[in-house]
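# Coordinate inspection notes
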Amino acid sequence: MAASNQSASAQFLREPELRRGMELLYFGNSHLVRSIDRGLAAQGLGRAHHRALYFIARKPDMTVSELLSLLAITKQSLGRVLNELATRDLLETRPGDRDRRQRLLRLTPAGAAMEAELFDALREKLSKAYARAGQQAVTGFWTVLEGFIPENERARIEDLRSNDG
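Residues numbered from 1 in each chain as written. Predicted model: local features only at pLDDT ≥ 70, side-chain atom pairs only at ≥ 80, totals over all residues. Heavy atoms only, no water.

What follows is about the UniProt feature "domain: HTH marR-type" (unreviewed entry) in the protein chain. When the UniProt feature table is mapped onto this chain, "domain: HTH marR-type" (unreviewed entry) is found at residues 15–150. Taken end to end, residues 15–150 is 74% helix and 9% strand, and its two terminal C-alpha atoms sit 22 Å from one another. (UniProt positions renumbered as here; feature names shortened; annotations may be inferred. Helix = DSSP H or I, 4+ residues; strand = E, 2+ residues; numbered from the N terminus.)

Given below as structure tokens:
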């Protein structure tokens, strides 16, 4: 039976079903992000740069500490990524309005263009998969993914949607 026609069994909480879900998450994500790897590599950038570009595009004027918390990486790693993006004129920083020690992050026009180009490649794959699955399946998929996120982190992630207009 083709994967697209296969539904979860009534024993969806048993190990074989959980392992299948884990494998699909792993391989699905792997193929999704591979669709932008070539474009990143051509620029001498990697997935960490893409994640920073993506989240800064989602929430302009995000603080460094907010981004650090979202990405859950070390300050040193994020510093390298941000420095490289700034050096390539893809990112600009400015001091916070209330706290001058804060650094607010915003993409430059070149950074916004690069992020949009990368997102277009992802959008195509996501749109095809979503259309194939249908609205109910997409809603179920989102519910499952949200279930992985600890309750105390959901508001921070929901805050990214404030720019969806």
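There is more to say after this.
Looking at chain direction, strand S1 (residues 62–63) and strand S3 (residues 103–107) are connected through 2 bridges and run antiparallel. Paired with Thr63 across the bridge in S3 is Leu104. Sheet analysis places strand S2 (residues 91–95) next to S3, joined by 5 bridges and oriented antiparallel. Along S3, the bridge assignment pairs Thr93 with Leu105. (Pairing = 2+ DSSP bridges.)

Moving on, we get to helix H3 (residues 64–71). For H3, the full list of buried residues reads Val64, Leu67, Leu68, Leu70 and Leu71. One side of H3 carries all its buried residues, which in axial view fall inside an arc of 165°. Phi turns positive one or two residues past the end of H3, at Ala72, with a value near 55°. (Buried < 20%, exposed > 50% of the residue type's maximum accessible area, 1.4 Å probe, protein only. Arc of directions from axis to C-beta.)

Spatial strand order, S1-S3-S2: 3 strands in an open sheet with antiparallel pairing. Of all strands in the sheet, those bounded by a partner on one side alone are S1 and S2.

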